[in-house]
Amino acid sequence: MPKDLRGFLAEYERANPKEFCRIKKEVDPKYEVAAILTKLEETRKLPILFYEKVKGSDLPVVTNLYSTKKKIASSLGIDPQKFRDKYLEAVENQIPPEIVSDGPVMEETIGEHDVDLKTLPMMTYHEGDAAPYITAGMVLAEDPETGKYNASFNRLMYKSRNRAGIFMTVGKHLHEIYSRMEERGKPLPISVSLGNHPAWALGALYIGAYGDSELGIIGGLLGGPAEVLRGNLTGTLFPAAAEIVLEGVVEPHLREEEGPFCEFSGYATGKGLRPVVTVKSMHLRKKAIYQDICGGQHREHLVMATIPMEANLYKSVKGAVPTLIDVHVPAPFSLIISIKKRFQGQAQSAMIAALSAEMYLKQVIVVDEDIDITNLQEVIWAVATRVQADRDILIIPGVRGSSLDPSSGAEGVMTKMGIDATAKPFLSSFPKRNKVPKEVMEGLKLEAYVNLDKL
Ligand SMILES: Cc1cc2nc3c(=O)[nH]c(=O)nc-3n(C[C@H](O)[C@H](O)[C@H](O)COP(=O)(O)O)c2cc1C
Ligand SMILES: [Mn+2]
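Numbers given for residues are sequential positions, taken from 1 along each chain in its written order. Chain labels run from A onward and ligand labels from 1 onward, assigned in the order the entries are written. Totals for whole chains, interfaces and linings use all residues, but because this is a predicted model, local features are given only for residues with pLDDT of at least 70 and pairs of side-chain atoms are given and counted only at 80 or more. Hydrogen atoms and water are omitted, and side-chain values are computed over all heavy atoms in the structure.

S.K.: Mind showing me how you'd approach the packing of aromatic side chains here?
M.R.: Two descriptors summarise a pair of aromatic rings, namely the distance from one centre to the other and the angle between the planes of the rings. Each aromatic pair joins two rings of Phe, Tyr and Trp (for Trp, the six-membered one) with centres within 6.5 Å, and gets the label stacked for planes under 30 degrees apart, edge-to-face for over 60, and tilted for any other angle. Under the counting rule described, the total for this entry stands at seven aromatic pairs. On the basis of an interplanar angle of 25° and a centroid distance of 6.2 Å, the ring pair of F20 and F50 is categorised as stacked. Pair noted here: F20 is in strand 1 (residues 20-23) and F50 is in strand 2 (residues 48-51), with a separation of 30 residues, a long-range link. Residue class for F20 comes out buried when judged on its relative accessible area of 7%. When the ring of F333 is compared with that of Y360, the centres are 6.4 Å apart and the planes differ by 55°; the resulting orientation is tilted. Taken together, the residues F333 in the loop between strand 21 (324-328) and strand 22 (334-339) and Y360 in the loop between helix 9 (346-357) and strand 23 (363-368) connect sequence positions 27 residues apart. The structure contains a cluster of three or more aromatic residues connected by ring pairs, namely Y125, Y133 and F261. Charges are assigned to positions over rings by a cutoff of 6 Å between ring centre and Lys NZ or Arg CZ, combined with an angular limit of 35 degrees from the ring normal. Directly above the aromatic system of F167 lies the positively charged group of R155, at a separation of 4.3 Å from the ring centroid. The ring centre of F426 lies 5.4 Å from the NZ or CZ of K341, which sits over that ring. Secondary structure counts use DSSP, requiring at least four H or I residues in a row for a helix and at least two E residues in a row for a strand, with both numbered from the N terminus. Here's how the labels work: a residue is buried when its accessible area is under 20% of the maximum for its type, exposed when over 50%, partly exposed in between, all with a 1.4 Å probe on protein chains only.

S.K.: Before we go on, may I ask you to explain the site of ligand 1 in this structure?
M.R.: We call a residue near a molecule or strand as soon as one heavy atom of that residue lies within 4 Å of the molecule or strand. Taken together, 20 residues sit near ligand 1, with R155, F167, T169, H173 and E214 positioned nearest. For this analysis, a polar contact is any N or O atom pair within 3.5 Å, provided that within protein one partner can donate a hydrogen and the other can accept it, and provided that sequence-adjacent residues contribute only side-chain to side-chain pairs. One of the backbone N or O atoms of R155 is found 2.6 Å from an oxygen atom in ligand 1. Here an oxygen atom of ligand 1 sits 2.5 Å away from a polar atom, N or O, in the side chain of T169. Throughout, the Shrake-Rupley method with a 1.4 Å probe supplies accessible areas, and for residues the shown protein chains are the sole cover considered. Against a free-state accessible area of 630 Å², the protein chains account for coverage of 93% of ligand 1. Residue assignment for the shell around ligand 1 shows that the elements contributing at least two residues are strand 8 (149-153) and helix 8 (299-320). For the shell around ligand 1, the element with the most residues is strand 8, which contributes four residues. Think of it as three bins: nonpolar holds Ala, Val, Leu, Ile, Met, Phe, Trp, Tyr, Cys and Pro, charged holds Asp, Glu, Lys and Arg, and polar takes everything else, Gly as well. Split into classes, the residues belonging to the shell around ligand 1 amount to ten nonpolar, seven polar and three charged.

S.K.: Looking at this structure, I do not really get the coordination of the manganese ion (ligand 2). What am I missing?
M.R.: Put simply, a metal with four donors set out as a tetrahedron has ideal angles of 109.5 degrees, and one with six donors set out as an octahedron has ideal angles of 90 or 180 degrees. Here the coordinating atoms are restricted to nitrogen, oxygen and sulfur within 2.8 Å of the metal centre, or 3.2 Å for Na, K and Ca, and because water is not among them the sites may look incomplete. N150 (OD1), H173 (ND1) and E214 (OE) make up the full set of protein donors to the manganese ion (ligand 2), lying at 2.1 to 2.2 Å. Residue classification places H173 among the buried positions, given a relative accessible area of 17%.

S.K.: How should I be thinking about the sheet that holds strand 2 in this particular structure?
M.R.: The strands making up a sheet associate through backbone hydrogen bonding, with each pair oriented either parallel or antiparallel. With mixed pairing, four strands are arranged side by side in an open sheet as 1-2-3-20. Taken across any chain shown, the strands that pair with only one partner, and hence form the sheet edges, are strand 1 and strand 20 (290-292). Strand after strand, the sheet turns through a mean of 20° between neighbouring axes, direction not considered. At least two DSSP bridges between two strands are required for those strands to pair. With three bridges connecting them, strand 2 and strand 3 (residues 61-63) associate as antiparallel partners. Note that in strand 3 the partner of Y51 across the bridge is V61. Note on definitions: angles span 0 to 180 degrees between N-to-C directions of axes, and those axes are lines fitted to C-alpha atoms, for helices only across the stretch in contact.

S.K.: Explain helix 5 (residues 173-183) to me, please; I cannot follow it from the model alone.
M.R.: Along an α-helix, a turn takes 3.6 residues, which lines up residues three or four apart on a common side. Among the eleven residues in helix 5, nine count as buried, and that is most of the element. All of the buried residues along helix 5 are H173, L174, H175, I177, Y178, S179, R180, M181 and E182. Any two residues having at least one pair of non-hydrogen atoms within 4.5 Å are treated as being in contact. On the buried face of helix 5, the contacting elements are strand 7 (138-142), strand 8, strand 10 (163-166), strand 11 (188-194), helix 7 (214-222) and strand 14 (244-250). Looking one or two residues past helix 5, G185 carries a phi angle of roughly 70°, positive in sign.

S.K.: Just checking my understanding: could you explain the pattern of salt bridges for this structure?
M.R.: Note on pairing: side chains with opposite charge can pair once their charged atoms come close. Salt bridges, as used here, are contacts in which a Lys or Arg side-chain nitrogen is within 4 Å of a carboxyl oxygen on Asp or Glu. Following the criterion strictly, the structure yields 33 salt bridges and no others. Among the ionic pairs, R155 bridges to E263, the shortest N-O distance being 2.9 Å. Linking R155 in the loop between strand 8 and strand 9 (156-160) with E263 in the loop between strand 16 (261-262) and strand 17 (268-269), this pair joins segments that are 108 residues apart in sequence. Note that E411 and R274 form a salt bridge whose closest N and O atoms lie 3.4 Å from each other.

S.K.: I tried to follow the nonpolar core on my own but got confused; where do I start?
M.R.: It is characteristic of soluble globular proteins that their nonpolar side chains tend to be buried jointly. Grouped together as the largest cluster of nonpolar side chains are 111 residues, with contacts concentrated most on L120 and I337. The dominant element in this core, judged by the number of residues it contributes, is helix 8, at eight residues. Two domains each provide a minimum of three residues to this core, namely domain 1 (5-300) and domain 2 (321-429). Residues in contact with I337, not counting those within four places in the same chain, are V317, L324, D326, V327, A350, A354, V364, I365, V366, V367 and I373. Definition used in this section: a nonpolar core is a set of buried Ala, Val, Leu, Ile, Met, Phe, Trp, Tyr and Cys residues joined via side-chain atoms within 4.5 Å. Domain delimitation in this document rests on an assignment produced automatically or drawn from a domain database.

S.K.: What is the right way to look at the packing of helix 4 (residues 83-92) against helix 8 in this model?
M.R.: Angle between the axes and distance between the axes are the two parameters that describe a pair of packed helices. Look at helix 4 against helix 8: their axes get within 9 Å of each other, and the N-to-C directions meet at 70°. Comparing the axis directions of helix 4 and helix 8 gives the class roughly perpendicular. Within the contact between the two elements, helix 4 uses F83, R84, Y87, L88, V91 and E92 and helix 8 uses I307, P308, E310, A311, N312, Y314 and K315. Of the residues assigned to the contact of helix 4 with helix 8, the class counts are eight nonpolar, one polar and four charged. Relative orientations are named as follows: roughly parallel for angles under 35 degrees, roughly antiparallel for angles over 145 degrees, roughly perpendicular for angles from 65 to 115 degrees, and oblique for any other angle.

S.K.: In this structure, what is going on with the packing of helix 4 against helix 7? I would like to understand it.
M.R.: At a minimum axis separation of 8 Å, helix 4 and helix 7 run at an interaxial angle of 125°. Viewed along their axes, helix 4 and helix 7 adopt a mutual orientation that is oblique. The handedness of the crossing between helix 4 and helix 7 comes out as right-handed. Counted together, K86, Y87, A90 and V91 of helix 4 and I217, G220 and L221 of helix 7 form the full contact between these two elements. Counted by class, the contact of helix 4 with helix 7 contains five nonpolar, one polar and one charged residues. In this scheme, a crossing is called left-handed if the near helix is turned counterclockwise away from the far one by less than a right angle; it is called right-handed if the turn is clockwise.

S.K.: Explain the side chain of E247 here, please?
M.R.: Residue position: E247 is located in strand 14. Buried E247, no salt bridge; nearest opposite-charge side chain is R230, N-O distance 9.3 Å. Asp and Glu count as negative and Lys and Arg as positive, but His and the ends of the chain are not part of the count.

S.K.: Would you mind showing me how to read a nonpolar patch on the surface here?
M.R.: Like charges within 9 Å and nonpolar side chains (Val, Leu, Ile, Met, Phe, Trp, Tyr) within 5 Å are joined into patches, using only residues over 30% in relative accessible area that form no salt bridge. Residues V436, V440, M441, L444, L446, Y449, L452 and L455 make up a contiguous nonpolar surface patch of roughly 860 Å² in combined accessible area. One can find L446 in the segment after helix 12 (438-443). Of the residues examined, L446 reaches a relative accessible area of 42% and is grouped as partly exposed.

S.K.: What exactly am I supposed to notice about the environment of E300 here?
M.R.: With respect to the helices, strands and loops of the structure, E300 is situated in helix 8. For the pair E300 and C21, spaced 279 residues apart in sequence, the C-alpha separation works out to 16 Å. Leaving out residues up to four positions away in the same chain, E300 has contacts with T63, N64, L65, Y66, S67, D292, I293 and C294.

Below, the structure is given as C-alpha cells:
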C-alpha cells in the first residue's frame, strides 16, 4: 500500500481510470474549480480531478480526492464497509510517529525572504469568500506543557506574500494550544502540510480528548509510524512525505480580520478577528501537487469528516448505551442514533454522550432499532409519531458549538437539542407497525397477479 499521496493517486488512476479525470485545459482558480465540481456533482459524477494547469501557478492541483468512501477505503486497502472497525482499531492500537532526518518534501526549500504564498494555486470558490483560501492544510502544533502534537485542518486566508489568516475554532485543540502559548506571551510554531496520504486526513479529523494523539492514530491507520521531520527554522514537526509544507508562527495577541468564507455549513460565515500565520519557509517535493478541498457544502468535505466522526461517536455513545445499534451524521451539526432501548432514560443518555463527545454537534435524534437511520423520511416519521415535544425534547442552552452555525451566538455559543423519538414506554408495547404477514409476503409471487412488463 503506497504511503504517500502521489503513490496512492498513481495506483488509483491505474485501477480506476474512469474515476480519475486529468484536465489539461487551463482553469481559473477564481470560481472555475468550484463551478466544475458543482456541475459534476449535479450529474452525480465524483471523479478525482487533476488539473494540470491552473492560471497563475506552476503547480498542478488535485481535488475531490475524498469524495467517496470507496476512494478513501482503497487508500487503506480495506472494504468501505469496514471503515468503523478499521478506525476504532487504529485508535486502540496507535503507533507513535517516527522522527526521520530527511524526506521527499525536503527536495526544495524556499526561505523566509523568498517565500510567496501567491505561487500556490489558492482558490476562491464562492461569491461570499473574502480572499483566496488554502483549505486542505493540515496543521501540526505542539502543546507547550506536554510536548504532545495535535493535528487538525484549519482554513488559511491569503493576506500577503508571507501572511495568512487562520481560523481556529474556539474550544478545539489548536485554539487551546495557541491560548496556552499566548498566556506565555510566545509565538506558536506550526506546520501546515498539503498533499498527504488520506490516512493523515482521517487521523487529523479524530475528535477525541485534548492530548489524544492524532499522529498515533495515523500510524495505526497506515500500519506503521507516521514519518515526520523537525523543521530547523521553527522546531515544529511536519510529514516527511507531504507534497508541500509551510513552516510558520502564529504571533500572540495579534488578531486581524478573517473571513467570511463559504463553509460546509452552507453559509459564508461572518468576518471575525482571528490570529495570523507568518510563513517562515516552504518545503516542496519535485513536481509538487497542490491539494485542494473545495470549500462549501460539497461531497468531499462531508464524506471525509463523517468517517472519523461517526466512528468516534459510535464509541462514545456505546460507552453510555451498550445496546447502541448505529449512528449516522446526515448533515452538518446533526446526528441520528438508533438504540435498542432496554430501560427508561437511555435515549437521553445517548444524546448527552454524543453532545459531550463532539462540540460541533447541535441536534441529536434518537430512534428505536426498527428505524433505518440513513432514511431521513423514516426518521422524520418516527419524530412525527413517537414524540411529544413537551415530554421528549431536551434543550440545553448556553453550550459551546460551532461558530459556523449562522444562528449561533457570539463565537459559537448556542442551544443544543436532543429529540427522543423512541416509542414510549417501549417499542414492544407501542402500536404495531403496518405489516403484511411475513409468510404471505414471502410466498406471494407478484407476477402471478400483475404483468409488471405492461405497467
Ligand atoms: C476540509 C476541512 C477544513 C476544516 N477547516 C477548519 C477550520 O478552518 N477551522 C477549524 O477550527 N476546524 C476546521 N476543520 C475541522 C477540524 O479540522 C476538526 O474539527 C478537527 O478534528 C479538529 O481537531 P482537534 O479535535 O484536535 O481540535 C476542518 C475540517 C475539514 C475536513
Ligand atoms: Mn486533537
